[in-house]
Amino acid sequence: SGCGICVKKCPFKAISIVNLPDELEEECSHRYGPNAFKLYRLPVPSPGMVLGLLGKNGTGKTTTIRILSGKIKPNLGRYDNPPDWPEIITYYRGSPLQQYFEKLSVGKLKVVHKPQYVDAIPRVVSGTVKELLNRVDERGILSDLTEELNLKHILDRDVNVLSGGELQLVVIAACVCRDADVYLFDEPSSYLDVRQRIKAAKAIRNLVKEDKIVVVAEHDLAILDYLSDQVCIFYGKPGVYGIVSHVHGVRDGINIYLDGFIPDENIRFRREPIRFHVKPPTPIWPIEEIMLSWNTMTKTYDGFKLNVRPGEIHKGEVIGILGPNGIGKTTFVKLIAGIELPDNAKTSPHKLKVSYKPQYISAEYEGSVKDLLKAAANTEFETSWYKVEILRSLHVESLLDRIVSDLSGGELQLVAIAACLSRRADIYLLDEPSAYLDVEERLAMARVIKRIVEAREAAAFVVEHDVVAQDFIADRLMVFTGKPGVEGVAMPPKPLREGMNLFLKEVEITFRRDPKTKRPRVNKENSKLDRYQKEIGEYYYIE
Ligand code: ADP
Ligand code: ADP
């Protein structure tokens, strides 16, 4: 009711009282229940265009996708007395959504939907990749698509033995193969490496040639930019309400999101704009003391060999790791952590304490977030330093009383990062910390990793496929090259400019800068700028 008592008493801001303009109330498209999340407006997709959905986690992107897929019938806010289709259709009169819902309600709109979390799919689908894809190849494009997405070598594998990245690609392929009117992709890039992200984006973009409706929710800004023609911004109070902006062209839409201000609606939804640096920053603290150095190492598995070149990491330093999936990044991390021993070694090469966040995190913890973090942080948990630097900075303060197994993917990721950084260690290893995080959480995560490593005089390795996020996290870059699944080479750490150039040369992608926000944008293959940058060997930092 807004009496103000509970808000003051309520710990962790778990209750928020929201006063929204009355006009907006008339634009509620869905509400889950009393005091539950409310979505205002809906995006209007157009055939022959990829519409990107951009916004914080918990502002209703998945809800929107579920509405457009027909899984949720929009109740216009009346959860206790939900309207029938005719009323919903009348409500959207005059908008393209009227026709959309008319067709959807009578089963005349065929929709395919790639869900956000692919991890759960093997539990409901069985058989080999080939069997699965053959079943859904309604467009007869499977052989081209398996070539395009490089799936040939996994066709005979059982779906339940695939890695997260392989599974993501197979599910994207399965959606693209279907002959539908509408294609909805919820976070297609999680677990994919940079080359795979671009390939998946191309496969999705090909759908617009056939005048299909395509909607994609995505947090990797470079990929969203590459993928979309138009963008809708979701803003509001995560978990409480979300508002959908009008449709904008992709360049403007992403710039508006970064600015935090929507001019045509006169709405400021973030106080500070998000800005990018054009030049690689020089570290502001002296990197002098070596924390760990490693010699040439090899690690051989049946069918795979990793060669590690010598290198070193300093106190206070964050080394970003870039490279394709299956090239041995996790293996290197495990060698450093002492979980695996190099060939011909009997003991771990160092005696440092390591804290490790794996790529795939499990929610199988019986207990609350607070229990989990208390066990990791020990006595430090009660300190104000911990509250500010870890709990608040990583936005996990409001999650403390939640049960770990109930968390969403993004929430679980933040808790796993917090737990990793809570443990006292010399070396922190974080494998794909951005999976399921939104843009702002990615930037917050980058900042927290840097500050903790600095404060503890520790060092960190961060494996990350979001190139823009990597630019924020890393002081230096370690690039992995070779033949995925067969042989990998771990190069020595290099300064950011050199590392980015080395990596992007391999994947043949160049970035230009948006003149307004300085954000990196993927150049069109073979465009004038692409050719020029390749010629001068500047793939990322170009003014
Ligand atoms: P996004 O995709 O932008 O992260 P979602 O649409 O998944 O956002 O979720 C928006 C909010 O709606 C979240 O706070 C979520 O907990 C809530 N929510 C989602 N599904 C339900 C449901 N079935 N019942 C109640 N609340 C829900
Ligand atoms: P990345 O982290 O770069 O994706 P990984 O280090 O996880 O790559 O794996 C590199 C290769 O080594 C893959 O082909 C993987 O199947 C193989 N591999 C990893 N661990 C083992 C293991 N314990 N036994 C056999 N092969 C393994």
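Throughout what follows, the structure given in this document is the object of discussion.

Definitions and cut-offs
- Residues numbered from 1 in each chain as written.
- Chains lettered and ligands numbered in written order.
- Predicted model: local features only at pLDDT ≥ 70, side-chain atom pairs only at ≥ 80, totals over all residues.
- Heavy atoms only, no water.
- Near = heavy atom within 4 Å.
- Polar contact = N/O pair within 3.5 Å; in protein donor to acceptor, adjacent residues only side chain to side chain.
- Areas by Shrake-Rupley, 256 points an atom, 1.4 Å probe, with all protein chains shown as cover.
- Nonpolar A, V, L, I, M, F, W, Y, C, P; charged D, E, K, R; others polar.
- Helix = DSSP H or I, 4+ residues; strand = E, 2+ residues; numbered from the N terminus.
- Buried < 20%, exposed > 50% of the residue type's maximum accessible area, 1.4 Å probe, protein only.
- Disulfide = S-S within 2.5 Å.
- Pairing = 2+ DSSP bridges.
- Axes fitted to C-alpha atoms, helices over the stretch in contact; angles between N-to-C directions.
- Salt bridge = Lys/Arg side-chain N within 4 Å of Asp/Glu carboxyl O.
- Core = buried A, V, L, I, M, F, W, Y, C linked by side-chain atoms within 4.5 Å.
- Contact = heavy atoms within 4.5 Å.
- Parallel < 35°, antiparallel > 145°, perpendicular 65-115°, else oblique.

## Focus on the site of ligand 1
Then, number 1: Residues in contact with ligand 1, as listed here, are Tyr32, Phe37, Lys56, Asn57, Gly58, Thr59, Gly60, Lys61, Thr62, Thr63 and Gly239.
Then, number 2: Taking Gly60, its main chain carries an N or O atom lying 3.0 Å from an oxygen atom of ligand 1.
Then, number 3: At a separation of 2.5 Å, an oxygen atom of ligand 1 approaches a polar side-chain atom of Thr63.
Then, number 4: Computed on the free molecule, ligand 1 has an accessible area of 570 Å², of which 61% lies beneath the protein chains in the complex.
Then, number 5: Grouping the constituent residues of the shell around ligand 1 by class yields two nonpolar, seven polar and two charged.

## Topic: unusual backbone geometry
Then, number 1: Phi angles above zero are rare outside glycine, and Leu76 is one such case at about 55°.
Then, number 2: Position of Leu76 relative to the elements: it lies in the loop between α3 (61-69) and α4 (85-91).
Then, number 3: Residue classification places Leu76 among the buried positions, given a relative accessible area of 14%.
Then, number 4: A positive phi angle, close to 50°, is found at Glu457, a residue other than glycine.
Then, number 5: Looking at Glu457, the relative accessible area reads 52%, which means it is exposed.

## Regarding the state of the cysteines
When the sulfur atoms of two cysteines share a covalent bond, that bond is a disulfide.
Then, number 1: Inspection of every chain in the model, using the stated rule, returns zero disulfides.
Then, number 2: Distance from the sulfur of Cys177, which forms no disulfide, to the nearest cysteine sulfur (Cys175) is 9.2 Å.

## Looking at the site of ligand 2
Then, number 1: In the vicinity of ligand 2, the contacting residues are Tyr301, Phe304, Pro324, Asn325, Gly326, Ile327, Gly328, Lys329, Thr330, Thr331 and Gly485.
Then, number 2: In this structure, Gly326 approaches ligand 2 through a main-chain N or O atom, which is 2.6 Å from an oxygen atom.
Then, number 3: In this structure, Gly328 approaches ligand 2 through a main-chain N or O atom, which is 3.0 Å from an oxygen atom.
Then, number 4: Starting from 560 Å² of accessible surface for ligand 2 in isolation, the protein chains cover 62%.
Then, number 5: Broken down by element, the residue count for the shell around ligand 2 peaks at three residues, all from helix α12 (residues 329-337).
Then, number 6: Class assignment for the residues of the shell around ligand 2 results in four nonpolar, six polar and one charged.

## Re the sheet that holds strand β1 (residues 28-31)
Then, number 1: Strands sit in the order β1-β2-β8-β7-β3-β6-β5-β4 across an open sheet of eight strands; the sheet is mixed. The open sheet has two edge strands with one neighbour each: β1 and β4 (111-114). Averaged over all adjacent pairs, the angle separating strand axes in this sheet is 20°, with direction ignored.
Then, number 2: Here strand β3 (residues 49-55) runs beside strand β7 (residues 230-237); their pairing, made up of five bridges, is parallel. Each bridged residue has a counterpart across the sheet, and for Leu54 the counterpart in β7 is Ile233.

## What about the pattern of salt bridges?
Then, number 1: Following the criterion strictly, the structure yields 37 salt bridges and no others.
Then, number 2: Salt-bridge contacts for Lys110 lead to Glu138; the nearest nitrogen and oxygen are separated by 2.7 Å. Highlighted residues: Lys110 in the loop between α5 (96-105) and β4 and Glu138 in the loop between α6 (129-136) and α7 (142-148), separated in sequence by 28 residues.
Then, number 3: Residue classification places Lys110 among the partly exposed residues on the basis of a relative accessible area of 32%.
Then, number 4: Residue Arg402 pairs with Glu411 through a salt bridge whose shortest N-O separation is 2.9 Å.
Then, number 5: Judged by relative accessible area, which is 22%, Glu411 ranks as partly exposed.
Then, number 6: Among the charged side chains, a network of salt bridges with common partners joins Glu27, Arg41 and Glu265.

## Some remarks on the nonpolar core
Then, number 1: Leu373, Leu394, Val396, Tyr428 and Ile449 are the most contacted members of the largest nonpolar core, which totals 79 residues.
Then, number 2: Those residues in contact with Leu373 that sit more than four places away from it in its chain are Asn378, Phe381, Tyr386, Leu391, Val396, Leu400, Val415, Ala418, Ala419 and Ser422.
Then, number 3: Core analysis: the second largest hydrophobic core is formed by 40 residues, Val118, Val129, Ala200 and Leu227 among them.

## So, the packing of α3 against α5
Then, number 1: Relative orientation of the contacting elements α3 and α5 amounts to 60°, with a least axis distance of 10 Å. Between α3 and α5, the angle falls in the class oblique. Contacts between α3 and α5 pair Ile67, Leu68 and Ser69 from the former with Leu97, Tyr100, Phe101 and Leu104 from the latter.
Then, number 2: Of the residues in the contact of α3 with α5, the class split is six nonpolar, one polar and no charged.

## Re the pairing of strand β19 (residues 476-483)
Then, number 1: Extensive coverage of β19 is indicated by the burial of six of its eight residues.
Then, number 2: Summarising the sheet, strand β15 (residues 318-322) and β19 pair through four bridges and their orientation is parallel. In the sheet register, Leu322 faces β19, and the bridge partner there is Val479.
Then, number 3: In this sheet, strand β21 (residues 494-495) lies alongside β19 in antiparallel orientation, the contact comprising two bridges. Across the sheet, Leu477 pairs through a bridge with Lys494, a residue of β21.
Then, number 4: Sheet topology note: the β19/strand β20 (residues 487-490) ladder contains four bridges and is antiparallel. Bridged to Thr481 within β20 is Val489.
Then, number 5: Hairpin connection from β19 to β20: three residues lie between these consecutive antiparallel strands, with Gly485 at a positive phi of about 80°.

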